[in-house]
Amino acid sequence: MKRLIENDLLAWKNNSSKKPLMVFGARQVGKTYSILKFGKENYADMVCFNFENNAPLCSVFEQDLDVNRIIIALTALSGKRIIPEQTLIFFDEIQAAPKAVTSLKYFCENAPQYHIIAAGSLLGVSVNRESVSFPVGKIDSLTMYPMNFREFLLATENETLLQMIEDSFVSNKPLVSVLHDKALDLYKTYLLVGGMPECVLEYIGKKDFDFVRVKQNRIFNDYSSDMSKYATKAESVRHEATYNSVPSQLARENKKFQYKLIKSGARSRQYEDSILWLSKAGVVLKCEKVNEGKTPIDFYKDESSFKIFMSDVGLLTAKMMVPYATVLSDINFGGEAKGAITENYVAQQLVANNVKLYYWASENTAEVDFVMQWREYVIPIECKANDNVRSRSLKVYAGKYLPPYSIRISSKNFGFENGIKSVPLYAVFCIGA
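Throughout what follows, the structure given in this document is the object of discussion.

One open sheet holds the 4 strands; their spatial order is S7-S6-S8-S9, and the pairing between them is mixed. Strands with a single pairing partner mark the edges of an open sheet, and in this sheet they are strand S7 (301-310) and strand S9 (366-368). When strand polarity is set aside, the average angle formed by the axes of neighbouring strands in this sheet is 25 degrees. Both strand S6 (residues 284-290) and S7 contribute to a ladder of 7 bridges, which runs antiparallel. If you follow Glu288 over to S7, its bridge partner there is Phe306.

A word on the side chain of Gln348. Relative to the helices and strands, Gln348 resides in helix H17 (residues 335-352). Note on Gln348: relative accessible area 3%, which makes it buried. Side-chain polar atoms of Gln348 contact the backbone nitrogen of Val313, separated by 2.7 Å.

Glancing now at the sheet that holds strand S2 (residues 45-50). On the basis of which strands lie adjacent, the open sheet formed by 5 strands has the order S2-S3-S4-S1-S5 and parallel pairing. The open sheet has two edge strands with one neighbour each: S2 and strand S5 (140-143). Strand-to-strand, the axes of this sheet are offset by a mean angle of 20 degrees, without reference to chain direction. By the bridge criterion, 3 bridges tie strand S1 (residues 21-24) to strand S4 (residues 115-119) in an arrangement that is parallel. Note that in S4 the partner of Val23 across the bridge is Ala119. Relative to S2, helix H4 (residues 67-78) is tilted by about 95 degrees, and along the sheet it contacts S2 and strand S3 (87-92).

Under the definition given, this model contains 28 aromatic pairs. Note on Trp374 and Tyr377: the rings are 6.2 Å apart at their centroids and 25 degrees apart in plane angle, and the pair reads as stacked. Owing to a relative accessible area of 29%, Trp374 belongs among the partly exposed residues under this scheme. Of the residues examined, Tyr377 reaches a relative accessible area of 30% and is grouped as partly exposed. Feature note: the residues Phe149, Phe152, Tyr187, Tyr190, Tyr203, Phe209, Tyr324, Tyr345 and Phe429 constitute an aromatic cluster, connected by ring pairs. Lying over the aromatic face of Tyr203, Lys207 brings its terminal NZ or CZ to 5.3 Å of the ring centre. Here Lys286 stacks its cationic end above the ring of Phe306, 4.5 Å away from the centre of that ring.

Each value, and the rule that gives it
Residues numbered from 1 in each chain as written. Predicted model: local features only at pLDDT ≥ 70, side-chain atom pairs only at ≥ 80, totals over all residues. Heavy atoms only, no water. Pairing = 2+ DSSP bridges. Helix = DSSP H or I, 4+ residues; strand = E, 2+ residues; numbered from the N terminus. Axes fitted to C-alpha atoms, helices over the stretch in contact; angles between N-to-C directions. Buried < 20%, exposed > 50% of the residue type's maximum accessible area, 1.4 Å probe, protein only. Polar contact = N/O pair within 3.5 Å; in protein donor to acceptor, adjacent residues only side chain to side chain. Contact = heavy atoms within 4.5 Å. Phe/Tyr/Trp six-rings, centres within 6.5 Å; stacked < 30°, edge-to-face > 60°. Lys NZ or Arg CZ within 6 Å of the ring centre and 35° of its normal.

Structure (structure tokens):
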């Protein structure tokens, strides 16, 4: 399946001033597969080293961090000659060997001729721990996310529809009705399948959501195992409780994260580390509040108020145990549940385009779901799960900050009227791209 990160990997390879590359991302988003595919297609040869449960490999980096000695040892372990600029060196699950992480600094400084990519499912968590000397300024980095809806359209052989959606986004001209309806149906399917590659492949192969949900439940089990493996027992209990609270956090009109929804009497000091852990692990997305629609947007954030989304909308739908038919038919599918799933979906698409998540609220009188910095402006983005497009908050924001335009996401077709750009739910992947 075509992944967006492939273009970024190629740009890295072609950059004459490249450094060792770290690829961050949650478990099961497809990092290993995409890097292997890239290496085999773009290099004369490739050597792969997985550090997880591999004591002999880890010991190579324990002696010292002399890059010449390390290359000789890696050559012996792989049985392949490692040729500068021609052989891609891939360190997988590198978080299991802190000294290997540190070694990237010395490869950057002393042996830049070697092309190295490092990845790990909990790399973000590991480099945040005191035991890892992170090579600040000595690496390039990319973050990989679950497949966005654009990638889902490519995987399901809807390239022509994808091109038409992208053209309509630019022109603001509506799709013909039959294609609009088809795209909405595919969007509903995506809400159930999500963007985890294994789940997408399962859907493509069987067209059976029961099998997809088995895969999703397996991913939940993997996340739970990671929490136990890379945290103390007390920490892992808090991490899991925080993660399991996300559906209830979102299933309210006011989606601001509340610690009391984790458990009665919970306080921020007990669980703020869990939110950081889950965010660094890539399994949740944090959306912070800003008090002003001004640039630079980060200057106006209120760190005490935020929303938490799951990194994949399919996992959220599975966690909520929403019946398949309810989503696909849109019958009896409304209220807070539909709003939560829709907003989570939008957050996932924005993050995949490297849009940092913020929302705006003003003294409890108005709230805009997302805001996005664009040039010297902060553009408001309002999400509607259906075709009801009335939005007092959007009007309040536009009147106060005078953005060049606002974005309204709904099930309605493309259009532009009264300063509002109408973006159908299936076209969110175009925003910020």
